[in-house]
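Here is how the chains run, residue by residue.
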Amino acid sequence: MVEHWESLGLIKNKKIIEAFLKVPREKFILPEHREEAYADIPLPIIEEQTISQPTTVVMMLDFLDVKEDSKVLEIGAGSGYNAALLSKLTKNKIISVERIKKLADFARENLKTAGIENVEVTHGDGSKGYPKEAPYDRIIATCGSEKIPEAWKDQLKEGGLLVAPIGTVEQEMIVAIKVKGELKIEKKGAFRFVPLLKGKKK
Ligand code: SAH
């Protein structure tokens, strides 16, 4: 997979490839899918959610352009895998919000097993962001929102970046930079994600 990405020149930041090689993806998926851990496909986790396919994950991280001191907010912890990769890109804190309690627990457990310490998983509705720790240098959503929630814009620092799939059935990947309080949006093509749903679930 890494050779394929390199041959396509898909990933600009070498640190993302290093992070991908460091984090054991098999520790974030269900035992019955372990053999497919390194196939370039999304895999089901629990509660009808999925861990995105590796190519999508690394492309989003490349768009996010995380710096060594970036404070990052992730919407949709799921398995905790994306947060684990983020933890290799910044020394600062990563907050990952997950609306389903069982998945928040699943993510925490997986991150612990993988020995990752700079991620805080919180159970809540990520459409509201996470005001308690705001502002953020980077915000990344791993579920498809119909539109960009105001809270994400408000909680992003000036000059900060947002990467999120926006749309209902199919999504457009957007990369936005906050300039003078407003988001300047660039579109990066069509993707398919599980939906962002409002409210918390036990
Ligand atoms: N980043 C995850 C991908 C998980 S799939 C990984 O690496 O495995 C997207 C996740 O977003 C699901 O777990 C889903 O429950 C969660 N989600 C959906 N709506 C949400 C919301 N409003 N707030 C927080 N999480 C949400």
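Our structure's up above, just so we're on the same page.
Values in this document were obtained by computation on a predicted structure and should not be read as measured data.

**Student:** Hey, could you go over the overall build of the protein chain for me, with residue numbers and the actual values?
**Tutor:** Along the protein chain, the regular secondary structure elements total 6 helices and 9 strands. At 15 Å, the protein chain has a C-alpha radius of gyration in line with the 17 Å of a compact globule built from 202 residues. When its C-alpha atoms are laid out on the principal axes, the protein chain stretches across 45 × 45 × 35 Å. Within the protein chain, the proportion of its 202 residues that are buried is 55%. Restricting to contacts in the protein chain with at least 6 residues of sequence separation, those with at least 24 account for 53%. If the 33 positive side-chain charges of the protein chain are averaged to one point and the 31 negative ones to another, these points end up 5 Å apart.

**Student:** Which residues make up the nonpolar core, and what values do they have?
**Tutor:** Counting residues in each nonpolar core, the largest one holds 47 residues, and the members touching the most others are Leu61, Tyr81 and Leu86. Looking at this core, the elements with two or more residues in it are α1 (2–8), α2 (14–22), α3 (54–64), α4 (81–87), α5 (101–113), β5 (119–123) and β8 (171–179). In terms of residues, this core owes the most to one element, α3, which gives 7 residues. If we skip the residues at most four places from it in the chain, Leu61 touches Ile16, Asn82, Leu85, Leu86, Leu89 and Ile140. Membership of the second largest hydrophobic core comes to 20 residues, among which are Leu73, Tyr130, Leu156 and Val194.

**Student:** Explain the sheet that holds strand β3 (residues 72–75) to me, and be specific about the residues and the numbers.
**Tutor:** Think of a sheet as strands paired side by side through backbone hydrogen bonds, with each pair either parallel or antiparallel. Across the sheet, 7 strands lie side by side as β5-β4-β3-β6-β7-β8-β9; this open sheet has mixed pairing. Of all the strands in the sheet, the pair left with one neighbour each is β5 and β9 (182–191). The sheet shows a mean angle of 15 degrees between the axes of neighbouring strands, taken without regard to direction. Examined bridge by bridge, β3 and strand β6 (residues 136–141) share 4 bridges and lie parallel to one another. Looking across to β6, one finds that Leu73 is bridged to Ile139.

**Student:** Please provide a residue-by-residue account of α3, values included.
**Tutor:** Most of α3 is tucked away: 11 of the 11 residues are buried. Taken together, the buried positions of α3 are Pro54, Thr55, Thr56, Val57, Val58, Met59, Met60, Leu61, Asp62, Phe63 and Leu64. Note on α3: the residue one or two positions beyond its end, Asp65, has a positive phi of about 50 degrees.

**Student:** How would you sum up α5? Please name residues and give values.
**Tutor:** Taking 1.5 Å per residue, 13 residues should reach 18 Å; α5 reaches 18 Å between its end C-alpha atoms and fits that length. Turning to α5, its buried residues number three or more, namely Leu103, Ala104, Phe106, Ala107, Asn110 and Leu111. Projected down its long axis, α5 shows its buried positions confined to an angular sector of 160 degrees, all on one face. Positive phi shows up at Gly115, right after α5, with a value of about 75 degrees.

So, how was this worked out
Residues numbered from 1 in each chain as written. Predicted model: local features only at pLDDT ≥ 70, side-chain atom pairs only at ≥ 80, totals over all residues. Heavy atoms only, no water. Helix = DSSP H or I, 4+ residues; strand = E, 2+ residues; numbered from the N terminus. Rg over C-alpha atoms; globule rule 2.2 N^0.38 Å. Buried < 20%, exposed > 50% of the residue type's maximum accessible area, 1.4 Å probe, protein only. Contact = heavy atoms within 4.5 Å. Lys, Arg positive; Asp, Glu negative; His and termini not counted. Charge placed at Lys NZ, Arg CZ, Asp CG, Glu CD. Core = buried A, V, L, I, M, F, W, Y, C linked by side-chain atoms within 4.5 Å. Pairing = 2+ DSSP bridges. Axes fitted to C-alpha atoms, helices over the stretch in contact; angles between N-to-C directions. Expected span 1.5 Å × (residues − 1). Arc of directions from axis to C-beta.

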